[in-house]
Amino acid sequence: MAYQFVKFTVEAGVGTIVLNRPEVLNSFHRPMGREFQKALEVCRDDPALRAVLITGEGRAFCAGQDLAEAAPPGKPLADIRSIVEQTYNPAIRLIRAIEKPVVCAVNGVAAGAGANIALSCDIVLASEKVSFLQAFCHIGLVPDSGGTFFLPRLVGLPRAAAMMLLGEKIPAAEALGMGMIYKVYPPESLPEEALKLARHLAAQPTRGLGLTKRLLNQSLQNDLETQLNQEAELQAAAGVTEDYQEGVQAFLEKRKANFKGR
Ligand code: T3D
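Computed from a prediction, not measured in an experiment: that's the story for all the values here.

It is worth spelling out the overall build of the protein chain at this point. For the protein chain, the helix and strand inventory stands at 11 helices and 10 strands. Its C-alpha radius of gyration of 19 Å places the protein chain within 12% of the 18 Å reference for a compact globule of 262 residues. Oriented by its inertia axes, the alpha-carbon framework of the protein chain measures out at about 70 × 40 × 35 Å. Residues counted as buried form 47% of the 262 residues belonging to the protein chain. Across the protein chain, contacts joining residues at least 24 apart in sequence account for 68% of those joining residues at least 6 apart. Accessible surface, the protein chain: about 13100 Å² in total, of which carbon and sulfur atoms supply 57%.

Structure representation (structure tokens):
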């Protein structure tokens, strides 16, 4: 597939997806949504890809839905439900279902669905200059793209409610302080740090990391008993991987492990 609205590159086991409509702050229209999904599917399906990095081109990460597409001036409103179901929901499902680490490097403002796409990723890094904004309330919409699922679990209900009802800009340092994101960097170091992290993850025991992600996904709904059983089952699966054997062997031989992702 030819990509026009995302840039998709593959290098050193990392699939890098760059949202690429900088003139509208990388807001999503349907074609960009389709390309984003396609790139995520490739990351899911290609065993040579062992980590994913998502970021934005230009001064923004993503300003959510392209409002000119959703509400074109002088024309009937678009079918908002189908936009949510076809552009955002499949992308969020894919990010959570890919059994490989998905890193998000928030290089600029992350608003609306853009903020919630970032929050659905496994490890979120941000430039210290950016802000996160649950912009939906300013235009009479409800939060989507899994925001009402992830945000209360990340920061608790009171903060999630305030962010979603007020739509204030939350600076990266505040987001970090309340556990919304993992680390912040000066803007000039973010791309390099994010790539370094993604490359590191791509050289780790991918199957074990993927099963860890599955356990974390399930832990959001399961009770302790169910989760303990799941851990035993997936530990058994991790314990028969080549990477487990290599990890233990390398430890005993006091050398660096050479993981293959199998
Ligand atoms: O179909 C549905 O609607 C359902 C799906 C909903 C999912 C959602 O994401 S709803 C929420 C949509 N997003 C927003 O409401 C955010 C809108 N944008 C902003 O509030 C601001 O742009 C930002 C706070 C993100 C950044 O502000 P600032 O001052 O840095 O930039 P700006 O000047 O507002 O924007 C720069 C350009 O990008 C500008 O175009 P221009 O004047 O240079 O030609 C602006 O119109 C354009 N732009 C920014 N966001 C969007 C956009 N164009 C279309 N859609 C956008 N979301």
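The sheet built from six strands is open, its strands ordered β1-β2-β3-β5-β7-β10 with mixed pairing. At either margin of the open sheet sits one strand with a lone partner, and together these are β1 (6-11) and β10 (183-185). Across the sheet, the axes of successive neighbouring strands diverge by a mean angle of 20°, strand direction being ignored. With six bridges connecting them, strand β2 (residues 14-19) and strand β3 (residues 51-56) associate as parallel partners. Residue valine 14 lies in a different strand from β3, and its bridge partner there is alanine 51. Helix α8 (residues 190-202) contacts β1, β2, β3, β5 (102-106), β7 (123-127) and β10 of the sheet and is inclined by roughly 165° relative to β7.

A common measure of how large an interface is: the accessible area buried when the components associate. Looking at the assigned domains, one finds that the protein chain contains domain 1 (6-202) and domain 2 (206-253). A separation of 27 Å is found between the C-alpha centroids of domain 1 and domain 2. With both chains or domains summed, domain 1 and domain 2 bury close to 920 Å², and 46% of this area falls on carbon and sulfur atoms. Across the salt bridge formed by aspartate 122 and lysine 213, the nearest N and O atoms sit 2.8 Å from each other. Counting across the interface, domain 1 meets domain 2 through seven residue pairs in polar contact (both at pLDDT 80 or more). The set of elements that each furnish at least two residues to the side of domain 1 that touches domain 2 consists of α3 (80-97) and α5 (147-155). For the side of domain 1 that touches domain 2, the per-class residue count stands at six nonpolar, no polar and six charged.

Bringing α3 into the picture now. Spanning 18 residues, α3 covers 24 Å between terminal C-alpha atoms, matching the ideal 26 Å at 1.5 Å per step. Largest kink in α3: about 35°, centred on tyrosine 88, with the proline proline 90 one to four residues after it. Taken together, the buried positions of α3 are Ser82, Ile83, Val84, Thr87, Tyr88, Pro90, Ala91, Ile92, Leu94, Ile95 and Arg96. Measuring from the side-chain oxygen of the N-cap residue of α3 to the backbone nitrogen of arginine 81 gives 3.2 Å; that N-cap residue is aspartate 79.

On to the environment of tyrosine 244. Of note, tyrosine 244 is situated in helix α11 (residues 242-252). Note on tyrosine 244: relative accessible area 46%, which makes it partly exposed. Leave out the neighbours within four places in its chain, and tyrosine 244 touches Ala238 and Gly239.

Two modes of strand pairing occur in sheets, parallel and antiparallel, and in both the strands are linked by backbone hydrogen bonds. Ordered in space as β4-β6-β8-β9, the four strands form an open sheet in which the pairing is mixed. Bordering the open sheet on either side are β4 (60-62) and β9 (169-171), each of which pairs with just one other strand. Neighbour to neighbour, the strand axes of the sheet diverge by 20° on average, direction disregarded. Alignment of strand β6 (residues 109-111) against strand β8 (residues 131-133), held across two bridges, turns out to be parallel.

Taken together, the side chains of Leu67, Ile80, Ile139 and Leu141 define a hydrophobic patch exposed on the protein surface, amounting to about 330 Å² of accessible area. Secondary-structure assignment places isoleucine 80 in helix α3.

Structurally, histidine 29 is set in the loop between β2 and α1 (30-45). In this structure histidine 29 touches Phe5, Arg21, Asp66 and Glu69, once residues within four positions along its chain are discounted.

Cut-off values and rules
- Residues numbered from 1 in each chain as written.
- Predicted model: local features only at pLDDT ≥ 70, side-chain atom pairs only at ≥ 80, totals over all residues.
- Heavy atoms only, no water.
- Helix = DSSP H or I, 4+ residues; strand = E, 2+ residues; numbered from the N terminus.
- Rg over C-alpha atoms; globule rule 2.2 N^0.38 Å.
- Buried < 20%, exposed > 50% of the residue type's maximum accessible area, 1.4 Å probe, protein only.
- Contact = heavy atoms within 4.5 Å.
- Areas by Shrake-Rupley, 256 points an atom, 1.4 Å probe, with all protein chains shown as cover.
- Pairing = 2+ DSSP bridges.
- Axes fitted to C-alpha atoms, helices over the stretch in contact; angles between N-to-C directions.
- Domains from an automatic or database assignment.
- Buried area = accessible area lost by both parts, 1.4 Å probe.
- Salt bridge = Lys/Arg side-chain N within 4 Å of Asp/Glu carboxyl O.
- Polar contact = N/O pair within 3.5 Å; in protein donor to acceptor, adjacent residues only side chain to side chain.
- Nonpolar A, V, L, I, M, F, W, Y, C, P; charged D, E, K, R; others polar.
- Expected span 1.5 Å × (residues − 1).
- Bend = angle between axes of the 7 residues up to and from the residue.
- Patch = residues over 30% accessible without salt bridge, like charges linked within 9 Å, V, L, I, M, F, W, Y side chains within 5 Å.

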